[in-house]
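These are the residues of each chain, in order.
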Amino acid sequence: MAEKNAQVVLDKVVVRFAGDSGDGMQYTGSQFTFASALAGNDLATFPDFPAEIRAPKGTVEGVSGFQVQIGKVDIFTAGDVADVLVAMNPAALKSNLKWVREGGNIILDSDAFTSRAAKKAGYEGDPLADEALQAFHLIQAPISSLTKKALEESGLDNKTIMRSKNMFALGISFWLFDRKMDQTLAQIDAKFGQKAPEVAEANKKVLYAGYHYAETVEALPSNFKVPPAKLAPGTYRHISGNIATAWGLMAAREKLGLKLFYGSYPITPASDILHELSKYKHMDVITLQAEDEIAAVSSAIGACYAGHIGVTASAGPGIALKGEAIGLAVMAELPLVVVDVQRGGPSTGLPTKTEQADLFMAIYGRNSDCPAIVVAPGTPSQCFDMAFAAAKLAIEHMTPVIFLSDGNLANGSEPWKLPNMADLPAIEIAQPPESEGPFHPYLRDEDKLSRYWVTPGTPGKEHRIGGLEKEALTGNVSYDPRNHQAMIYTRAEKVARVAHYIPKQSVVGHTFGELLVIGWGSTYGTLLTAVKELWEDGYAVSLAHINYINPFPSNIKELLGSFEKRLVCELNIGQMVHHLRATMPEFDYISYNKIQGLPFTVSEIKARILEEL
């Protein structure tokens, strides 16, 4: 056994917290993450929620998990497998054991491992006697009973006391990884101090109890230290994809000096954007929780017509309902931003699980020829940049932009360096040329083909727009066949020309060679980690991660043609491959897909790349 309190220094480590939905594992994981961020670690998180609102207590279906990887090195994923698992009951152990590396540490609430609880979780016998656990370092901590003991004189009822047991687990984790508790103590006071000071004191007392238990118990001979990462100088905060999306939209509002209107209907996993934006009424942000998805998108279109930044958001089922209204914004040529936080489908599918299967719907999913710009961030913090870019493209090209996030990005988090507003690019609103005659709403910028954004009530520029086909220039309703064909081609060409106003496609690695890995969306961190690890092993492989999907960047055809093989990795049945074949059929593509409601692991990607090499 190692010397008592010996400290092991690690470059990176993966920790996973798991328990019932009511055990507070998301809060525990978040507080551990915040403490690690304050310690200067780079990190990435993966919250894993059960799909049912409240599955039966103690069942595998009701297990909630939170995984975080922290490091002094660059971290791009939450990790394939955990070095440490904190499991609050048998169901948490059963559903998460496959995610722990062999030889890893498992901390259990031994009080929860009763025969009844084990049976409810699907075990036939005693799970702690299972031979499979011999491959791990098992730490059986009586978390529930020690929580009760710590609060036996608190005067709180048993239900309230047991709600504090997650703080005991957090205390153990803080000692195990040499984390400071100051931020968590302050957060407890902020949350409970005014309205329930006795609850605040109970949580703090149990947190200390867990820390001191870990410090003294012989089952934990060592703790670990993960030194700070070497991050670029600046002010950082810990941010999730949904929060970054909200802030990116607000940055566009600030840059333009207009109001931001956000019309939305609550839906998992997009609701946090509405929650965040609703806090900023004092910053000219207007939020509307509409009665349904159609009302939400229609209100945002109305805001665009009135000269504001109009945004709506949903997940896949809601975007399907918004389809006709998005077509109205295409026909009226209004700068609507549509945020789609994708989740498992079809229909209501897997509400809390991640997927990338709305790509077809974003590009093609409206009646008739109805083109829209489509963009996709690759990391939680990149949601800020791409949300800003989505607003900029919509306004400067006067056409809807669909922003494809997903559950992994929305709920995942990482350190984010706060940008300087002065460094963000300007957003230009083109003004129509002055003329003595009547105003023509479909008069266009010669280069971009975008019409001019004129708000109602502008003297001398009265006009009408709408969902019926319009005559070029005048905006009058037109059923002329030739005019209809010309307008269809004009709207398509307007989106196609966006390729000249977006960044060129970048490559990680060489710009030519045997194999190019292609990805989009939340697969970025996994693909980048896999490619970098293969570099270190001497393999020549490159990565092109696509943020601008419709249209593609102007150099993408030249880039794809510089490689012998193109491996496209995505969390769907192969939608990006179909899109690539449709736009660049001269190349062959190899499709690698996963549709399990889970992100790729680094080991899966590496194995698939090696098959092709």
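Residues numbered from 1 in each chain as written. Predicted model: local features only at pLDDT ≥ 70, side-chain atom pairs only at ≥ 80, totals over all residues. Heavy atoms only, no water.

Novice: What am I meant to see in the overall build of the chain here?
Specialist: The helix and strand tally for the chain stands at 21 helices and 21 strands. Against the globule reference of 25 Å for 613 residues, the chain gives a C-alpha radius of gyration of 27 Å, in line with a compact fold. Seen through its principal axes, the chain has C-alpha atoms that stretch 85 × 60 × 50 Å. Considering only contacts in the chain between residues 6 or more positions apart, those separated by 24 or more positions represent 76%. Accessible surface for the chain amounts to roughly 25800 Å². Of this, 52% is attributable to carbon and sulfur atoms. Across the chain, the mean location of the 56 positive side-chain charges is 3 Å away from that of the 69 negative side-chain charges. (Helix = DSSP H or I, 4+ residues; strand = E, 2+ residues; numbered from the N terminus. Rg over C-alpha atoms; globule rule 2.2 N^0.38 Å. Contact = heavy atoms within 4.5 Å. Areas by Shrake-Rupley, 256 points an atom, 1.4 Å probe, with all protein chains shown as cover. Lys, Arg positive; Asp, Glu negative; His and termini not counted. Charge placed at Lys NZ, Arg CZ, Asp CG, Glu CD.)

Novice: Looking at this model, I keep getting lost on the sheet that holds strand β5 (residues 82-87). Mind explaining?
Specialist: Strand pairing in a sheet relies on backbone hydrogen bonds, with the paired strands running either antiparallel or parallel. Read from one edge of the open sheet, 6 strands run β3-β4-β2-β5-β6-β7, paired in mixed fashion. If you trace the sheet from one side to the other, it starts and ends with β3 (42-48) and β7 (137-141), each paired once. This sheet shows a mean twist of 15 degrees between the axes of neighbouring strands, independent of strand direction. Examined bridge by bridge, strand β6 (residues 100-109) and β7 share 5 bridges and lie parallel to one another. Pairing of Ile-106 across the sheet is with Leu-138, part of β7. (Pairing = 2+ DSSP bridges. Axes fitted to C-alpha atoms, helices over the stretch in contact; angles between N-to-C directions.)

Novice: Sorry if this is basic, but what is going on with the environment of Thr-352 here?
Specialist: Its location among the elements puts Thr-352 in the loop between β13 (337-342) and α14 (359-364). It is 9.8 Å that separates the C-alpha atoms of Thr-352 and Asn-411, two residues lying 59 residues apart in sequence. Ignoring sequence-local partners within four residues, the contact set of Thr-352 consists of Phe-49, Pro-50, Ala-51 and Thr-268. A polar side-chain atom of Thr-352 sits 2.9 Å from the main-chain carbonyl oxygen of Phe-49. Looking at Thr-352, its side chain comes within polar contact range of the main-chain oxygen of Pro-50, at 3.4 Å. (Polar contact = N/O pair within 3.5 Å; in protein donor to acceptor, adjacent residues only side chain to side chain.)

Novice: Can you help me understand the state of the cysteines in this one?
Specialist: A covalent bond between the sulfur atoms of two cysteines is referred to as a disulfide. For the structure on display, the rule yields 0 disulfides. Free of any disulfide, Cys-370 has its nearest neighbouring cysteine sulfur in Cys-304, separated by 14 Å. (Disulfide = S-S within 2.5 Å.)

Novice: What should I look at first to understand the packing of helix α18 (residues 524-536) against helix α21 (residues 602-612) in this one?
Specialist: One way to put it is that α18 packs onto α21 with a least axis distance of 9 Å and a crossing angle of 55 degrees. Between α18 and α21, the angle is such that the two are oblique. Of the two elements, α18 crosses α21, and the hand of that crossing is right-handed. The residues of α21 that touch α18, namely those facing Thr-526, Leu-527, Thr-529, Ala-530, Val-531, Glu-533 and Leu-534, are Val-602, Ile-605, Lys-606, Ile-609 and Leu-610. By residue class, the composition of the contact of α18 with α21 is 8 nonpolar, 2 polar and 2 charged. (Parallel < 35°, antiparallel > 145°, perpendicular 65-115°, else oblique. Left-handed = near helix turned anticlockwise from the far one by under 90°. Nonpolar A, V, L, I, M, F, W, Y, C, P; charged D, E, K, R; others polar.)

Novice: So what exactly am I meant to see when it comes to the packing of helix α7 (residues 182-192) against helix α8 (residues 197-216) here?
Specialist: Packed helices, taken two at a time, are described by the angle their axes make and the gap between the axes. Axis separation between α7 and α8 bottoms out at 8 Å; the angle between their running directions is 160 degrees. Relative to α8, the element α7 is oriented roughly antiparallel. The two elements α7 and α8 meet at a crossing, and its hand is right-handed. For the pair α7 and α8, the contacting residues are Thr-184, Leu-185, Ile-188, Asp-189 and Phe-192 in the first and Pro-197, Val-199, Ala-200, Asn-203, Lys-204, Leu-207 and Tyr-208 in the second. Across the contact of α7 with α8, the residue classes tally to 8 nonpolar, 2 polar and 2 charged.

Novice: Would you mind showing me how to read the domain arrangement of the chain here?
Specialist: It is common to give the size of an interface as the accessible area that goes away when the parts come together. When cut into domains, the chain gives domain 1 (8-225), domain 2 (237-423) and domain 3 (513-612). Once you take the C-alpha centre of each, domain 1 and domain 2 turn out to be 34 Å apart. Between domain 1 and domain 2, the contact holds 14 residues from the first and 10 residues from the second. Interface of domain 1 and domain 2: buried area, both sides summed, is about 940 Å²; carbon and sulfur atoms make up 58% of it. When the area that domain 1 buries against domain 2 is broken down by residue, the three leading residues are Thr-45, Phe-49 and Ala-51, summing to 40%. At the junction of domain 1 with domain 2, the criterion picks out 1 salt bridge. For the salt bridge of Lys-353 with Asp-48, the shortest nitrogen-to-oxygen distance reads 2.7 Å. Between domain 1 and domain 2 we count 5 residue pairs in polar contact (both at pLDDT 80 or more) in total. The biggest single contributor to the side of domain 1 that touches domain 2 is β3, with 7 residues. Partitioned by chemical class, the residues of the side of domain 1 that touches domain 2 number 9 nonpolar, 3 polar and 2 charged. (Domains from an automatic or database assignment. Buried area = accessible area lost by both parts, 1.4 Å probe. Salt bridge = Lys/Arg side-chain N within 4 Å of Asp/Glu carboxyl O.)

Novice: Even after reading the chapter, I still don't get the environment of Lys-57, so can you show me in this structure?
Specialist: With respect to the helices, strands and loops of the structure, Lys-57 is situated in the loop between β3 and β4 (63-71). A sequence separation of 36 residues divides Lys-57 from Ser-21, and the C-alpha atoms of the two residues are 8.0 Å apart. Once residues lying within four places of it in the same chain are set aside, the contact partners of Lys-57 are Asp-20, Asp-23 and Lys-120.

Novice: How do you make sense of a nonpolar patch on the surface when you look at a structure like this?
Specialist: Taken together, the side chains of Leu-468, Val-477 and Tyr-479 present a nonpolar region at the surface, about 330 Å² in accessible area. Structurally, the position occupied by Leu-468 is in the loop between β16 (413-417) and α17 (481-496). (Patch = residues over 30% accessible without salt bridge, like charges linked within 9 Å, V, L, I, M, F, W, Y side chains within 5 Å.)

Novice: Please clarify how the sheet that holds strand β14 (residues 373-375) should be interpreted in this entry.
Specialist: Strand order in the open sheet formed by 7 strands is β11-β10-β12-β13-β15-β14-β19, and the pairing between neighbours is mixed. The open sheet terminates on both sides in strands that have one partner only, identified here as β11 (285-289) and β19 (548-550). The sheet shows a mean angle of 20 degrees between the axes of neighbouring strands, direction not considered. Relative to β19, β14 runs antiparallel, the two sharing 2 bridges. In the sheet register, Val-375 faces β19, and the bridge partner there is Tyr-548.

Novice: Got a minute to help me understand the side chain of Asn-408 in this structure?
Specialist: Mapped onto the elements of the fold, Asn-408 is located in helix α16 (residues 407-411). The buried category is assigned to Asn-408, whose relative accessible area is 14%. Once residues within four sequence positions are removed from consideration, Asn-408 is found in contact with Phe-46, Thr-354, Ser-522 and Pro-599. (Buried < 20%, exposed > 50% of the residue type's maximum accessible area, 1.4 Å probe, protein only.)

Novice: Just checking my understanding: could you explain the packing of aromatic side chains for this structure?
Specialist: The geometry of an aromatic ring pair is captured by the separation of the ring centres together with the interplanar angle, meaning the angle of the planes. Counted by the stated rule, this structure contains 8 aromatic pairs. Their ring planes at 70 degrees and their centres at 5.6 Å tell us that Phe-32 and Phe-177 sit as a pair that is edge-to-face. Within this pair, whereas Phe-32 is found in helix α1 (residues 25-38), its partner Phe-177 is found in the loop between α6 (165-176) and α7, the two being separated by 145 residues in sequence. Just as Phe-32 is buried, Phe-177 falls in that class too. (Phe/Tyr/Trp six-rings, centres within 6.5 Å; stacked < 30°, edge-to-face > 60°.)

Novice: Quick question: what am I supposed to make of empty space enclosed by the protein here?
Specialist: Left-over empty space is what a probe sized like a water molecule reveals as it rolls over the atoms. Within this structure, the stated rule accounts for 3 cavities of 30 Å³ or more. As for the largest cavity, its lining consists of Phe-46, Pro-47, Asp-48, Phe-49, Thr-352, Lys-353, Thr-354, Gly-407, Asn-408, Asn-411, Gly-412 and Gly-597. Mapped by element, the contributors of at least two residues to the lining of the largest cavity are β3 and α16. A breakdown of the residues in the lining of the largest cavity according to their chemical character gives 3 nonpolar, 7 polar and 2 charged. Residues lining the lining of the largest cavity come from more than one domain, with at least three contributed by each of domain 1 (8-225) and domain 2 (237-423). (1 Å grid on protein atoms, 1.4 Å probe; cavity = no way out; pocket = protein on both sides within 12 Å on 5 of 7 lines; lining within 4 Å. Points joined across faces, edges and corners; volume = space filled by probe spheres on them.)

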